[in-house]
Amino acid sequence: MREKFLFAVVIGSFISGFACAPEPIVGVLSPESGYAEAYGHAVNNGIQLAVDEARDGGGLPEGFRLIETDTGSRPDHAAEELRRFAEELDVELAVGGVTTDEALALIPVVEDKKIVVLSPSASASSLTGKSPYFFRLFATDEVEGSTAARYIHDTRSARTVLVITDDSTFSRGLEAEFRQHYELLLGGTIVATIHDELEWWKRKATDMIHAHEPAAVYVVGHAEHIVTTLELLEEIAYDGVKCTTSAVYLAELLDRENPALEGVFFPLSSLRACNEPSATESECPFVKRYRREFGNRPDFYAAHGYDAMRVAIKALVDARSVDVRELRRYMRIGLREFDGVTGTIAFDERGDVRRYPTMHTIWNGQVVSCSWLADQKRRKLRELLEGVSPTGVQPRTRTIGLSV
C-alpha cells in the first residue's frame, strides 16, 4: 500500500511539473508611441515578418505565443511591463530594449526576475556585461564611435570637427566614445560640442562654423535631430565632411527624400539580405517579402528586429527546454553562428555580438557603402578615359544597404 502511495506521489509530481513547464512565449517590448516610435515601428515590422515566416514554414514551436506591449518610449514603463511579463504572464524570453534608455532600465528587472532579454538595437557600451541574461545584436557605441572617428580623421583627413548632439543617453555615450578616439587616440581637435536643447543652438552652431571652419561636422543623435541639423548645414552652405550615426538609416526618414541628407556619411554594420552580392532586389527574399508585407523598403532597424525574433524562435525550438536557464545557455553556447540578414550572429561571454561597421553614405536618396561608391566612380572614370559611355547602374539591393 505504501509503495502504491509513493508511486502515485511520484506520478502526480511528474504530471504537475509537466503541466507547469514553461510555455514557448516571447514577450515584445517596443516603443509604438513617443519620441522613438519610428524605431519601434521598424523593429516591430521585422519581428512580425519573422513570426509570419516561421508560422508559414511550420517553424514555430507548438503552443507558441507572442505577447506585445507599447513602452511609449518611456524607460520606466518598459521596466514595469517587463516585470509584469515575468510575474503575471510567465514570460522567460523577451525581445526589448529598442533604445539605449529602455535597455538600461530593463537591466534591474532582468537581474531580479532572471528573464532572458534580447535587444535588437541598444548600443551603449555601458550595457556590456551588465547581466548574464541580457544579449544584444547591435554594434556598441565604442565600435561605432571609433569607426566614425577614424573615417573623419584618417580617410577624409579632417583634423578639426564640430560636434552637434542631442541630449539623450544614446548620444552622450556615442559622443564620449567618438571624443576618446578622435582627440585622445588620433590627435584631432573638437572645436566645440553644441547641444540642441539650447534655444539658440542653431545660431551658435552657425557662428562656430564661421569662426573655426571645421573640416567636419559630426551629428550625434536620433532621426529628427539628425534631419534638423543637416537642414541647418545645407541652409548655411556648409561644404565640409558631414558625418552622423547609424540612427539615420530609418525608412521613415529616407522616404521623405530630403535633399539635406544627401552626401552624409555614417557607420553601419555589414548587412546582407541575399546569398549572392550581385543579386537584384527583386531576387532578394528578405527585401521582397518585406516590401510585399509592408509596402516599403526594410531599414536597419527592421532588419535587426527580424533577426532578433528569428534568434528567439530558434532558441525556443532548439534549446533543451524553454526555461530561463536553458535559454540563457543556448544563447551563449548553443546558438553558435546564426546566419542573419544583419550578419553572422554569435554572442560572446558578455552578451554582445561582434559587429564591425563600415562607412556608408546617402547617394541619390539611397543608402550605399562608401567602398561600392568609390568602385563605381573609378569604373566610370576608366570608361570615360577609354572612350566608353558609362552605363553602370547601382544594383538596387545595395541601395538599401542590405547586401553590402
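Residues numbered from 1 in each chain as written. Predicted model: local features only at pLDDT ≥ 70, side-chain atom pairs only at ≥ 80, totals over all residues. Heavy atoms only, no water.

*Asks:* Help me understand the pattern of salt bridges, please; the structure alone is not making it clear to me.
*Replies:* Where charged atoms from two side chains of opposite charge approach closely, those side chains can pair. Counting across every chain of the model gives 21 salt bridges. The partner of Arg289 in a salt bridge is Glu53, and the shortest N-O contact between them spans 2.2 Å. Of the two residues, Arg289 is situated in helix H10 (residues 285–294) and Glu53 in helix H2 (residues 37–56); the sequence distance between them amounts to 236 residues. In the salt-bridge network here, residues are joined through shared partners; they are Arg83, Glu87, Asp112 and Lys113. (Salt bridge = Lys/Arg side-chain N within 4 Å of Asp/Glu carboxyl O. Helix = DSSP H or I, 4+ residues; strand = E, 2+ residues; numbered from the N terminus.)

*Asks:* How should unusual backbone geometry be read in this particular structure?
*Replies:* Generally, phi is negative for residues other than glycine and the peptide bonds are trans, each holding for most cases. One non-glycine residue, Ser73, lies in positive phi territory at about 65°. Within the element layout of this structure, Ser73 appears in the loop between strand S2 (65–70) and helix H3 (75–88). For Ser73, a relative accessible area of 7% gives the class buried. (Buried < 20%, exposed > 50% of the residue type's maximum accessible area, 1.4 Å probe, protein only.)

*Asks:* Would you take a moment to explain the packing of H2 against H10 for this structure?
*Replies:* The description of two packed helices rests on the angle between their axes and on the distance between the axes. Interhelical geometry of H2 versus H10 gives an angle of 105° and a closest axis separation of 11 Å. Looking at the two axes, H2 sits roughly perpendicular to H10. For the pair H2 and H10, contact is made by Ala42, Asn45, Gly46, Gln48, Leu49, Asp52 and Glu53 and by Phe286, Arg289, Tyr290, Glu293 and Phe294, respectively. Taken together, the residues of the contact of H2 with H10 sort by class into 5 nonpolar, 3 polar and 4 charged. (Axes fitted to C-alpha atoms, helices over the stretch in contact; angles between N-to-C directions. Parallel < 35°, antiparallel > 145°, perpendicular 65-115°, else oblique. Contact = heavy atoms within 4.5 Å. Nonpolar A, V, L, I, M, F, W, Y, C, P; charged D, E, K, R; others polar.)

*Asks:* Just checking my understanding: could you explain the nonpolar core for this structure?
*Replies:* Across soluble globular proteins, you tend to see nonpolar side chains buried next to one another. One finds Phe178, Tyr218, Met309 and Phe347 to be the most contacted residues of the largest nonpolar core, which totals 120 residues. Sort the elements by how many residues they give to this core and helix H11 (residues 300–318) lands first, with 12 residues. When near neighbours in sequence (up to four residues on either side) are disregarded, Tyr218 contacts Ala148, Ile152, Val161, Leu162, Val163, Ile164, Leu174, Phe178, Cys243, Thr244 and Thr245. (Core = buried A, V, L, I, M, F, W, Y, C linked by side-chain atoms within 4.5 Å.)

*Asks:* How do you make sense of the pairing of strand S8 (residues 216–220) when you look at a structure like this?
*Replies:* Remark: a regular strand shows side chains that alternate across the two faces of the sheet. Burial runs high along S8: 5 of the 5 residues are buried. Along S8, one buried face is formed by Ala216, Tyr218 and Val220 and the opposite face, lined by Val217 and Val219, is buried too. In the sheet, strand S6 (residues 160–165) pairs with S8 via 5 bridges, with the strands oriented parallel. By the bridge assignment for S8, Val161 is matched with Ala216. When S8 meets strand S9 (residues 241–243), the two strands line up parallel, connected through 3 bridges. Within the sheet, the bridge partner assigned to Tyr218 lies in S9 and is Cys243. Chirality of the crossover, the property in question, places the unit of S8, helix H8 (residues 223–235) and S9 among those that are right-handed. (Pairing = 2+ DSSP bridges. Right-handed = clockwise from strand over helix to strand, strands pointing away.)

*Asks:* Would you mind going over the sheet that holds strand S4 (residues 116–119) with me for this structure?
*Replies:* Strand pairing within a sheet occurs via backbone hydrogen bonds; the two strands may be parallel or antiparallel. Pairing in this open sheet of 5 strands is parallel, and the strands run S2-S1-S3-S4-S5 from one edge to the other. Every interior strand has two partners, whereas the edge strands, S2 and strand S5 (134–136), have only one. Going across the sheet, the axis of each strand differs from the next one's by a mean of 20°, ignoring polarity. Looking at chain direction, strand S3 (residues 93–95) and S4 are connected through 3 bridges and run parallel. Along S4, the bridge assignment pairs Leu93 with Val116. Contacting S3, S4 and S5, helix H12 (residues 324–334) crosses the sheet at an angle of about 40° to S4.

*Asks:* How do you make sense of the packing of aromatic side chains when you look at a structure like this?
*Replies:* Describing an aromatic ring pair means giving the distance of the ring centres and the angle of the ring planes. Counted by the stated rule, this structure contains 13 aromatic pairs. Here the aromatic rings of Phe300 and Tyr301 are separated by 5.8 Å at their centres, their planes lie at 90°, and the arrangement is edge-to-face. Considered together, Phe300 and Tyr301 belong to a single accessibility category, that of buried residues. Joined through ring pairs, the aromatic side chains of Tyr39, Phe138, Tyr249, Phe300 and Tyr301 make up one cluster. In this structure, Arg328 is placed above the aromatic ring of Tyr133, and the distance from its NZ or CZ to the ring centre is 5.1 Å. (Phe/Tyr/Trp six-rings, centres within 6.5 Å; stacked < 30°, edge-to-face > 60°. Lys NZ or Arg CZ within 6 Å of the ring centre and 35° of its normal.)

*Asks:* Looking at this structure, how should I read the confidence of the model for the chain?
*Replies:* Caution applies to low-pLDDT parts of the model: their predicted coordinates are not meant to be read in detail. Predicted confidence across the chain gives a mean pLDDT of 87, with 87% of residues reaching 70 or more. In this model, residues 1–19 is a region of pLDDT below 50 whose contacts with residues beyond four sequence positions or in other chains number 0 contacts. A low-confidence stretch, residues 394–404 (pLDDT under 50), is modelled with 50 contacts involving residues beyond four sequence positions or located in other chains. (pLDDT = per-residue confidence, 0-100.)

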